[in-house]
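# A closer look at the structure
Below are the chains, spelled out letter by letter.
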Amino acid sequence: MQDWESQKKPFAAVATAPVFWLALFFIAPMTIVWLYSFGQNAGPADIDISGTLDNYKRATEWLYLSIFLKSLAVAALTTLICLIVGFPVAMAITFAAPKWRPWLLLGIMLPFWTNLLIRTYALMALMGTNGYMNKGLGGLWEGASWLRTLVGMQPLEAWTPVQLLYNNFAVVFGLVYVHLPFMVLPLYSALDRLDKSLIEASLDLGAGHFKTFMQVVVPLAAPGIVAGVMITLIPALGAYLTPDLMGGTDSQMIANVIERQFKRANDWPFGAALSFLLIYAMFILIALQSMRSNKVKEAR
Amino acid sequence: MFNRTAIAPLEYTRKLWMRSWVGLTMLFLYAPLIVLMIFSFNDSKRNVVWKGFTLKYYEKALNNDGLVEAMVNSLTIAFLATIVSLVIGALAAVMLWRFRFPFKGLVEGTMSLPIIVPEICLGVAFLIFFAKIDWPTDLPWPLNLSAITIAHITFCFPFVAMVVRARLASFNKEEEEAAKDLGATEWQAFRDVLLPHLKPSLVAGALLAFTLSLDDFVITFFTSGPDTITFPVKVYSMVRFSVTPEVNAASTILIILTVVLTFIALRYQGVKGISDAH
């Protein structure tokens, strides 16, 4: 590492472009949003930055607070399901034969590289009332009905397609579909580093697979679990597209409310305040995580 | 796969329930995409029953000027954003790796913010920013894409910097010093020693930036005007108003493009390299 003062010219050559870009096209826009959040509408296209806190006061009203809490709950549920589904997958990749491992990883990563909108749209086509998921469920239903006639009971009523889309279930399902790769990859990289002889030792000493899993694998993979949870929770909390396309009228999340302030409702200062509240929420989550990892470091 | 040796305790992947779990997860991840691709060849307006093979929706999609224009816009933006974010991201990585300077922690932290800040907030910020500074919107193509491209560069280059920095950690500084001892200038040492070492990470970073840019909907949605529709924004409006088989065809083309790009990345880096980049 060199001190910048001893090498002013090379430092200027590498530092100018990134610092300039960051200041002009990231810090400046964010600052304007932050200033707008203390402003009020003064005309159709005029915003007066008066230092008022009204936008924040309005944002903490129950109507918006409840949407915020609901977004948090939906994101947390999505993360939990991703963790439950993703953990065995990450385990399977870790313990797979070396020649299979890269292909399994690729299998998880390819959807992650595919366009988000296309994936959401593909899922919607499958979940529609005439889609294959409904047909599959109908098939199961008829199977159950046939089984009932087999044991001499009345057959079930005919299958009526269920509404799978445009409700809260669809939002969580869609978010899990989109975010699953985010969870599996950090879990895998943590499990891959784990010393496998510890698991063998635990099994040799008489612990069962479940006990070994809970008391050896999970604590050792904790950093990966925390990373996976953060990397899933944060984008899920700010998700816009999935609730917008797959949700119903009651499944809006905070990002949809923000979008409305800028497009239909045209209340930019209030939208700015809401976006900054969302950013603060992210900061709190990240601070909690770094506090936790510092504590772990101190304990060791 | 079917050998009959006993399953060792740690061969979790050979256990039946584990295999079915992975199989079901893969089915969950791929079934929607595969169904979409198959039905893009279906000769039926409604998406449900197979009526026979046809390419007519590909023809329609390729003759749909709006869709083609959106696709061209998307690819142009992705191309420009990739080049600029590659340069800025690599410079940022070298800066953070090589120099000690005041407020370094602050610069480093700020640089990771575009990754963390939710897309919707970044989109809103660009909407307000470009409105506030009266960014011209009636420029001729491709200059009218400049606002979207700028926005894309802002969220792409930190990813490039991250990938390049990881690679820099394995660089042996003595190589560079040797080059300088042998008379290379600062620039020659950078071009002939450091840059070749960085090449795999530059390829990975470029592909990451390209896909991120091509994929982005939310930020583009806020920065695009009526004349600057990108592919995701176009598909969004088509999906909103009516689901047409043309969308299936266009999506299939894009999925295939993604798969091809991924395999190019594989040839450069090997599967292992790709997974390490994440």
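Residues numbered from 1 in each chain as written. Chains lettered and ligands numbered in written order. Predicted model: local features only at pLDDT ≥ 70, side-chain atom pairs only at ≥ 80, totals over all residues. Heavy atoms only, no water.

As a further point, take the overall build of chain A. Each helix and strand in chain A was counted, giving 13 helices and three strands. Over its C-alpha atoms chain A spans a radius of gyration of 25 Å, topping by over 25% the 19 Å that the globule rule assigns to 300 residues. The dimensions of chain A, computed from C-alpha atoms along their principal axes, are 75 × 55 × 35 Å. When each of the 300 residues of chain A is scored for burial, the buried share is 48%. The contacts in chain A between residues at least 6 apart in sequence include a share of 68% that link residues at least 24 apart. Here chain A contributes 20 positive and 17 negative side-chain charges, whose respective centroids are spaced 6 Å apart. (Helix = DSSP H or I, 4+ residues; strand = E, 2+ residues; numbered from the N terminus. Rg over C-alpha atoms; globule rule 2.2 N^0.38 Å. Buried < 20%, exposed > 50% of the residue type's maximum accessible area, 1.4 Å probe, protein only. Contact = heavy atoms within 4.5 Å. Lys, Arg positive; Asp, Glu negative; His and termini not counted. Charge placed at Lys NZ, Arg CZ, Asp CG, Glu CD.)

All right, on to the UniProt feature "domain: ABC transmembrane type-1" (unreviewed entry) in chain A then. UniProt's entry tags residues 68-289 of chain A with the feature "domain: ABC transmembrane type-1" (unreviewed entry), counted in the numbering of this structure. Annotation note: span residues 68-289 of chain A, helix share 77%, strand share 0%, distance between end C-alpha atoms 20 Å. (UniProt positions renumbered as here; feature names shortened; annotations may be inferred.)

All right, on to the interface of chain B and chain A then. Interface extent is often summarised as the accessible area lost during association of the parts. Counting residues at the interface gives 93 residues for chain B and 87 residues for chain A. At the boundary of chain B with chain A, total buried surface from both sides reaches about 8,400 Å², with 79% on carbon and sulfur atoms. Seen at the junction of chain B and chain A, the total is one salt bridge. In this structure, D3(A) and R100(B) form a salt bridge, with 3.7 Å as the shortest nitrogen-oxygen distance. For the side of chain B that touches chain A, the element with the highest residue contribution is helix α1 (residues 16-39) of chain B, accounting for 15 residues. (Buried area = accessible area lost by both parts, 1.4 Å probe. Salt bridge = Lys/Arg side-chain N within 4 Å of Asp/Glu carboxyl O.)

All right, on to the UniProt feature "transmembrane region" (unreviewed entry) in chain A then. Residue and element names in this part refer to chain A. What UniProt calls "transmembrane region" (unreviewed entry) maps, in this numbering, to residues 12-36, 72-96, 103-127, 169-191, 212-241 and 268-288. When the span residues 212-241 is considered, its composition is 87% helix and 0% strand, and the gap between its end C-alpha atoms is 40 Å. For the annotated span residues 268-288, helix accounts for 100% and strand for 0% of the residues, and the straight-line distance between the end C-alpha atoms is 30 Å.

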